[in-house]
Amino acid sequence: MTIHLPAADGTLRAYEPRTDPPAFSSAAPFASRTVFSAAHVVADPYADVSPDSPAAVDWDATLAFRRHLWSHGLGVAEAMDTAQRGMGLDWAGAAELIRRSAAEARAVGGRIACGVGTDQLTAGSPAGIRAAYEEQLAVVEEAGAQAVLMASRALAAAAKGPEDYLEIYGHLLRQAAEPVILHWLGPMFDPALEGYWGSADLDAATETFLEVIAAHPDKVDGVKISLLDAQREIDLRRRLPQGVRCYTGDDFNYPELIAGDDQGFSHALLGIFDPLGPLAAQAVRVLDTGDVKGFRELLDPTVALSRHLFQAPTRFYKTGVVLLAWLAGHQSHFVMVGGLQSARSLPHLARAYELADSLGLFPDPKLAEERMKSLLSVYGVDR
């Protein structure tokens, strides 16, 4: 069968979809790397809501997707950017998501880490920002999950310099019950985070970030770096205290960063491992055997898809992630909280389908083809 996909110039081009399903198997946890997939939420398509309404979540489908990730040995990074924190999912919805997913993780023996931020606030004083972080940290710890201290829009707006970051993060790390993951999310993912760690100069910001870690190395399990700059991540990785891990969040350069070099490697906490879950798990198991070449042969071809999904404006990458979950049969619809299914163009979505199909990501290629054709027909493509 042939499917006609729209290009950016308004023309249609013929594409021959794959017919062979992938052969990914579930297996035990990984041996050489700690790997989290930052998972998306599934909206309730029947909810009578507007883009400004609190998120209406299909809890059954959302938790089923997490079981899918756990079944392949991946950890779940919950209530992170991929789950539309601050882009449709408010703190009340995120707290419910954390509680439900943490309970599901306990039931199936899955690994989980959950985002702690300040999205109760639109702005605030240092005291209010600390209190917001503390409220969310308490929810995550009470749920029995590991905490990921996420970047705060309110702190970025209120901070007068590096000292404010040192004070607030130091306070939170001192009171954390268990070691946390610190998350440095760059402004390409969220423009409100420009100048995080007290400076728009990334070299200066890095020094403040490392100062926070050096003051409390026993309370930092690792750091997640999402700056889409491989060399900067490598340089920072080499300066981390002994025992503090680097979790790459670089959706452009992850194969080389996870593979590492003779001075170290990165673990992973990635949004792209939502659609790549089974293939990524297979690649890491190859790496577990010491076969770096085989790992790269599996994972390098996925970078074109990831760079496409995460192209500017990067914050809308979630639209492609949810499209692929629908095409793969993990949910029954292509609807997102906040109406963000409309955030990418039809040519962008068509290219995402083509790249994912070429990688063999769809368990049922025929279903994916039929669903893509149904989406095209909504846009007026009738052949």
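Below is a summary of the structure that appears in this document. (Residues numbered from 1 in each chain as written. Predicted model: local features only at pLDDT ≥ 70, side-chain atom pairs only at ≥ 80, totals over all residues. Heavy atoms only, no water.)

1. Comments concerning the pattern of salt bridges
Note the threshold: Between Lys or Arg on one side and Asp or Glu on the other, a salt bridge is scored when a side-chain nitrogen of the former is within 4 Å of a carboxyl oxygen of the latter. Under the DSSP-based scheme used, a helix requires at least four consecutive residues in state H or I and a strand at least two consecutive residues in state E, with every element numbered from the N terminus. Accessibility here uses a 1.4 Å probe with only protein chains present; expressed as a share of the type maximum, an area under 20% marks a residue as buried, one over 50% as exposed, and anything in between as partly exposed.
Scanning the model with the defined rule gives 19 salt bridges in all. Here E104 makes a salt bridge to R67, at a shortest N to O gap of 2.8 Å. Pair noted here: E104 is in helix α2 (residues 91-108) and R67 is in helix α1 (residues 59-71), with a separation of 37 residues, a long-range link. Ionic pairing is found between E96 and R100, a salt bridge with its closest N-O pair at 2.7 Å. One end of the pair, E96, and the other, R100, are both in helix α2, four residues apart, so they sit about a helical turn from each other. Judged by its relative accessible area of 34%, R100 falls in the partly exposed class.

2. Thoughts on the nonpolar core
Selection criterion: As used in this record, nonpolar core signifies buried Ala, Val, Leu, Ile, Met, Phe, Trp, Tyr and Cys residues forming a set joined through side-chain atoms within 4.5 Å. Note on contacts: a residue pair qualifies if any of its non-hydrogen atoms lie within 4.5 Å across the two residues.
Counting residues in hydrophobic clusters, the biggest one holds 119 residues, and the most contacted among them are Y169, L182, Y196, V223 and F273. Every residue in contact with F273, bar those within four places of it in the chain, is listed here: V35, F36, S37, L69, L74, Y254, I258, A268, A280 and L299. In terms of nonpolar packing, the next biggest core, distinct from the first, is built from ten residues, F36, M80, A113 and L269 among them.

3. Points about the packing of aromatic side chains
Quick reminder of the rule: A pair of aromatic rings is counted whenever rings of Phe, Tyr or Trp (Trp by its six-membered ring) have centres within 6.5 Å, and the orientation is called stacked for planes under 30 degrees apart, edge-to-face for over 60 and tilted otherwise.
One pass over the full model with this rule turns up 16 aromatic pairs. Between Y15 and Y353 the ring centres are 6.1 Å apart and the planes differ by 85 degrees, which places this aromatic pair in the edge-to-face class. A residue pair is termed long-range when its members are at least 10 positions apart, and Y15 in strand β2 (residues 12-15) and Y353 in helix α13 (residues 346-358) qualify at 338 residues. With a relative accessible area of 12%, Y15 lands in the buried category. Centroid distance Y254 to F273: 5.8 Å. Interplanar angle 80 degrees. Geometry classified as edge-to-face. Taken as a pair, Y254 in helix α8 (residues 254-259) and F273 in the loop between β10 (267-270) and α9 (277-288) lie far apart in primary sequence, 19 residues in all. Neither Y254 nor F273 differs from the other in exposure class; each is buried. An aromatic cluster is built from Y133, Y165, Y169, W184, Y196, W197 and F209, whose rings are joined through pairwise contacts.

4. As for the pairing of strand β1 (residues 3-6)
To be explicit about the condition: For two strands to be treated as a pair, DSSP must find at least two bridges joining them.
Where β1 lies against β2, four bridges are found, and the strand directions are antiparallel. Within the sheet, the bridge partner assigned to L5 lies in β2 and is R13. Remark: five residues form the turn of the hairpin made by β1 and β2, two consecutive strands paired antiparallel; G10 in that turn has positive phi of roughly 90 degrees.

5. Digging into the sheet that holds strand β9 (residues 245-248)
Definition in use: Orientation is described by lines fitted to C-alpha atoms, with helices fitted over the stretch in contact, and by angles between N-to-C directions that extend from 0 to 180 degrees.
Judged by pairing direction, the barrel is parallel, and its eight strands sit side by side in the order β3-β4-β5-β6-β7-β8-β9-β10 before closing back on the first. For this sheet the average axis-to-axis angle between neighbouring strands, irrespective of direction, equals 25 degrees. Pairing of strand β3 (residues 35-38) with strand β4 (residues 75-78), which is carried by three bridges, proceeds in the parallel orientation. Bridge assignment links S37 to a residue of β4, and that residue is V76.

6. Topic: the pairing of β9
Put simply, the test is: Seen with the strands pointing away from the viewer, any crossover whose path from the first strand over the helix to the second strand runs clockwise is right-handed.
Judged from the four bridges that link them, strand β8 (residues 220-226) and β9 form a sheet pairing that is parallel. Paired with K224 across the bridge in β9 is Y247. Crossover β8 to β9 through helix α7 (residues 230-237) is right-handed. As a crossover connection, the stretch from β9 through α8 into β10 is right-handed.

7. Considering the side chain of T118
If you trace the backbone, T118 turns up in the loop between β5 (112-116) and α3 (126-142). Classification of T118 by relative accessible area gives buried; the value is 5%. T118 has contacts with I129, A132, Y133, Q136, S152, R153 and A154, leaving out every residue within four places of it along the chain.

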